[in-house]
Structures are given as C-alpha cells and as structure tokens.
Amino acid sequence: MIKLTNDELQVLLLSLKVGLFCVAVSLPPATIMGWVLARTSFRGKLLLDGLCHLPLVLPPVVTGYLLLLVFSRRSVLGAFLRDNLGLQIAFDWKGAVLASAVVGFPLMLRSIRLAIESVDPRLERAARTLGAGPIRAFFTITFRLALPGVLVGTLLSFARSLGEFGATITFVSNIAGETRTLPLAIYTFLNRPDGEDAVFRLVIVSVLISFAALVSGEVLTRRMRRN
Amino acid sequence: MLTLKVRRSFQDFKLDIDVACRYPVTAVFGASGSGKTTLLNLISGLMRPDEGEIALDGQVLFSSLNGVDLPPERRRVGFVFQDDLLFPHLTVMQNLRYGYDFLSGDEKRFTIDQIVDLMALSGLVDRHPEGLSGGERQRVALGRAILASPNLLLMDEPLSALDQVLKDRIIPYLRHIRTELNIPMLYVSHSVAEILELTGQVIVLKEGRVLAHGDFFEIAHKPDVLPLVEAHGFENVLPVEVIANQSDAGSCRVLFKDQELLVPPCSRPVGQRIFIGIRANDIILCRTRPDGLSIRNVLQGRILGVTRADGKQLVYVDVGKRLAVEVTVEAVKELDLKTGEQILCLVKAQSIRIGPDVE
C-alpha cells in the first residue's frame, strides 16, 4: 500500500476535483454542439466544426496562452467576470478546470456527435407524434440511445483532464494547493533532488486512477448496451 | 373531418393539395413519389407547408394566413410509420405507454389493458422490440399510436414491410381500430387490395396533386386513374362465408351472396366469414353457362359499364358486389358487351387469394 503525504493527497484530490468539474462543465455544451453538428446543416458548419476541434491539434501551450489572453485580469472578459460575478479564473483552480475542459472538449464532442448520428432521427419524430416536445423527445430517445457514446466521451474528457499539463501551466501556472494537479506535481517533484519517491507514488496513483476510469467506463457501457 | 389546402415546393417536386376527407377511413393511393408520405408529414406537423391551411374537426392545425403552426406534439395526430420505429431501449409496455403517459386523465380514451387485448400483445409486454417478429412489432406500433388517443391516425404503408401472410393477419386489427375504436384514419398504400379491405373512399395522388377523390369504384375506371390502379394489378375483394372445408379435396367451398365458390384450401372453420381476392385479369366473361370446362366458379351478374384505357378494357359486373373484369378491346367487340346485359364471370379456383377474416 502506498502512503501519500498530505501534500500529495492534496494534489490527488485537486486533480479529481478539476477532472470532475471539467466533465460537468463540458457536458452541456458538448451535448448541444454534438446535436448541432450531427443533426443540422447550415452555412459555416465546417468552420464551427473546425473551431471546436482546434484544441485537439493546437499545442496545449498555445491553447493555454490564448486562454490567458482572453481571461487574464487585464483582459476585458477577465475584468468583467471578476467585477460583476466575482469570478476569478486566471491563476485559480477554476482556471485549471477551464483549461482541461477546452483541451478535452473535442474528444467529448466527437464521441457524442458520433453517438447521436448513429441514432435513427425518425425515432425522435415518432416521439413527437406521440406527444413529446422537442426537448423531451431528445432526452428520452436520442440522448438515451446515445448514452454509451456520451459516457465514452465523458471518460475521455476526464482522462484528458487528469493528464493536462501544457495549457494548465501556461494559463494558471503551477501553484501548490490551487492549480498543481498530478502532472504538474510530478513535474515539480522531478525537478527536486529528493523528489523521486514522491514522483514514484504519484505515478502509481495516476496509473491506478486512469485504469479505474477505463474499467468502470467499460463496465457501465456494457451494462447500458445490454438494457 | 380533415380539410387540407396545402402547398409545398421542393427542389424537383411540388405538392399542391386541396381536399376534404369526410369518411372515417380514407385511403391515399398513388405511385411512389406521388407525394403520399409528404402529405402525411405535412398533416402531422413533421414538415411545414409553404402555405395553406390544415384543419381537423374544426381545429386549425396550420394556417399560413393566421400564423398558426401547432407543433406535432400538440396536434393529436397519430402516425404509424412504414418501419415500426419502436424505441429499442424500451420494453413493449414502455413503448405503449410513451404517448399515453403524456395525456391527462380525461384525455385518455382507452386503457392500456384494452389495447393490449385488442392488439393481442399480452404475452409480449415485458419484451424488447428487438426480440419481436415483424408482425408483432407493427402491432405494438399500432397500439402505441392508438394509446396516445389521436383524433386522426395517419398510416404510411404500415404493412408494406410485411409478407402477405402477416399482412392478412394485421388487417383485422386495422379494422378493429376503424370500427371498435372509432379513430378516423388516413391510410397510405399502393395496394388496391389492402385499401379495399379497409375502405372504399380513396384519394388518388399523382405528381403532388389530387387526381381523383371519392368512392374507389366510381373513380377507378377514369382514364387517368386506371393505369395507376392497374400498375399493381387490379384485385377485387369479396366477403364470403366458409361453408365446407375439405382438406383432402385440396379446396374449400365458400358462399358469396347466394352463389357458391371453390377456393384454395384454407384453415378457417366452417361459418367463418373471410375476404377473398380475385384479380381482374383472372376473370373470364362468358355469355352462356360453360360446358366441358374445368372452371368451377361461375358468378352471374349484370354489366354496369365498360371503360377503356391503354388498350385494355375494364368491364364492371354487378354480381352482388361490383366486380372489375379485365378484357381486351377485341373481346368487348366480339362479345358485344353492353351495359345492363346479363353475363357470367368465370374464375379459376386456384387463382383466388384467401384474405383475412371479416370481423
């Protein structure tokens, strides 16, 4: 059994918190965008599609820098959020959530979009003629049938969040107890002469969490497919 | 009553319909691409007309003039699709309840048990759609649509995916919907035989327009309608009663009005009323009772009229029910067939199709 120090435990809990919030924040927009890309056609759809997938191909450091430009204290949006909503994003754990959400968004979006595309659109039309409104028809039929794909997307986004390094360190820096997630902590300990034991423990923890996420995802997906 | 006055343009197709359906069951007949399915989509609200008005029993469902466009879920118009479109993640019971559960108490015209009984689904309610046969699936789809208590039921070739045996089994359920539940229907089909087992009222569509509307036998002989009707082989449908069933003789005897007919073997009990189908080109006309002929079935009747189209002729004979008989132009000349004359219709027993039970 590995014994984590308090600092390391804090790192683990922060990583999990960032991962869960990342998934929660991404899910609604990814679902809406997944539906838009799967079921609608309009001018400029390709552009929107490309924009959504940009974080997948951009170097994370670039993504982090762009986030910094948009949300820093001195930027218009950053100032607005702080003054009106009391929301501080840059150099805060919420910024780490945003960074991993943006970087993981294309992964979640892609899964959800494919899952929605695989559902026969006529089923939803049948639901409408049976008295279901558009939102209800979507959630009781299309979204429900797409759920295994949604779950896979959620898992990918969660895993990406646990591994997020470049965008996070660029956007919100490496602040212990605030933005120092697992990869950032491992990087930090690697740079210390006495950090090797800590690195080893955190690496084990990372492997375990990722593996647990994968297995539980697979189990859930199978159970859903059976029903 | 359903009144329709709609226009809708597509890239390569234009629909322009102005028609009122007064009867409990109206069939919509036409070749594929004539706009049948589009028409149903417009009525159900799944597709929006460019302009026009749709009203059902006085309630306006759509009116471009008054800016009315009820969404499908508020039209109370049921839709049974060509593919059953059952929800694969729900059980049969959950499928049946899907629309039913949206209704308030006084909107529910039927109970679940009543429809489960009527559609013979009691053994299936806990199963998932993937485990059902085609006929069972379509019965669930019918039950599901009915339980949503629609004021009008649209049926888009609900039997076309089924083979003849299954079709014959489903048709009685469709008649139950018509007679016992009193739900008006608009029934799309390209099969004359199927239509005639449900109704005589037909709207014929061609290239997005109403070609003819009214009693099938009144309009079927019109020169522009006849080719459509004949494209799929004209079939007469007669209700008969089984009077003897000799399986060893390889045939079965039925009674139509007071005339006896020999038909292929059927596994129905004596006394059962069934439909039989006789194709118009399987009937031979004859002036005198034949002698030394293998044909056993002779129906006597009076000629109601002779019509001509595409080098073929349809002779209508009243044998207790109107029978359409296809003959050649030469035959009409040679036999000198005239309206009002007595004539004999000969039908080979083996060419008769056994249809479903009359309820």
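This text goes with the structure placed above it.
Sequence order sets the numbering: in each chain, residues are counted from 1 along the sequence as written. Just so you know, chain letters begin at A and ligand numbers begin at 1, following the order they were written in. Where totals are concerned, whole chains, interfaces and linings use all residues; where local detail is concerned, this predicted model gives features only for residues with pLDDT of at least 70, and gives and counts side-chain atom pairs only at 80 or more.

Caption draft 1: Just helix α4 (residues 134-147) of chain B, in detail. Residues and elements named next belong to chain B. For α4, with 14 residues, the first-to-last C-alpha span of 20 Å sits near the 20 Å given by 1.5 Å per residue. Burial of α4 is extensive: 13 of the 14 residues sit out of reach of the surface. Remark: Ser-149 follows α4 within two positions and exhibits a positive phi of approximately 50 degrees. Strands here are runs of E lasting at least two residues and helices are runs of H or I lasting at least four, both read from the DSSP assignment and numbered beginning at the N terminus. Expected helix span is given by 1.5 Å per residue-to-residue step, counting one fewer step than there are residues. Exposure classification rests on a simple neighbour count of other C-beta atoms within 10 Å of a residue's own: a residue reaching 20 or more is buried, one at 12 or fewer is exposed, and one in between is partly exposed. C-beta atoms are placed from the backbone.

Caption draft 2: Local environment of the interface of chain A and chain B. Every contact between the two is made by 15 residues of chain A and, on the other side, 16 residues of chain B. Ranked by residue count, the leading element in the side of chain A that touches chain B is helix α6 (residues 121-129) of chain A, at seven residues. Among the residues forming the side of chain A that touches chain B, the class breakdown is seven nonpolar, four polar and four charged. The contact criterion used is a C-beta to C-beta distance within 7 Å, with each C-beta placed from the backbone. Classes in brief: Ala, Val, Leu, Ile, Met, Phe, Trp, Tyr, Cys and Pro nonpolar; Asp, Glu, Lys and Arg charged; the others, Gly included, polar.

Caption draft 3: Summary view of the environment of Thr-38 of chain B. Residues and elements named next belong to chain B. Tracing the sequence through the fold places Thr-38 in helix α1 (residues 36-44). Judged by the 21 C-beta atoms lying within 10 Å of it, Thr-38 is buried. For the pair Thr-38 and Val-327, spaced 289 residues apart in the sequence, the C-alpha separation amounts to 36 Å. Aside from chain neighbours lying at most four places away, what touches Thr-38 is Arg-8, Leu-15 and Met-47.

Caption draft 4: Inspection of the environment of Leu-205 of chain B at higher detail. Residues and elements named next belong to chain B. Looking at where Leu-205 falls in the secondary structure, it is placed in strand β10 (residues 201-206). The spatial distance from the C-alpha of Leu-205 to the C-alpha of Ile-17 is 9.0 Å, given a sequence separation of 188 residues. Aside from chain neighbours lying at most four places away, what touches Leu-205 is Val-28, Gly-30, Ser-34, Gly-35, Lys-36, Val-210 and Leu-211.

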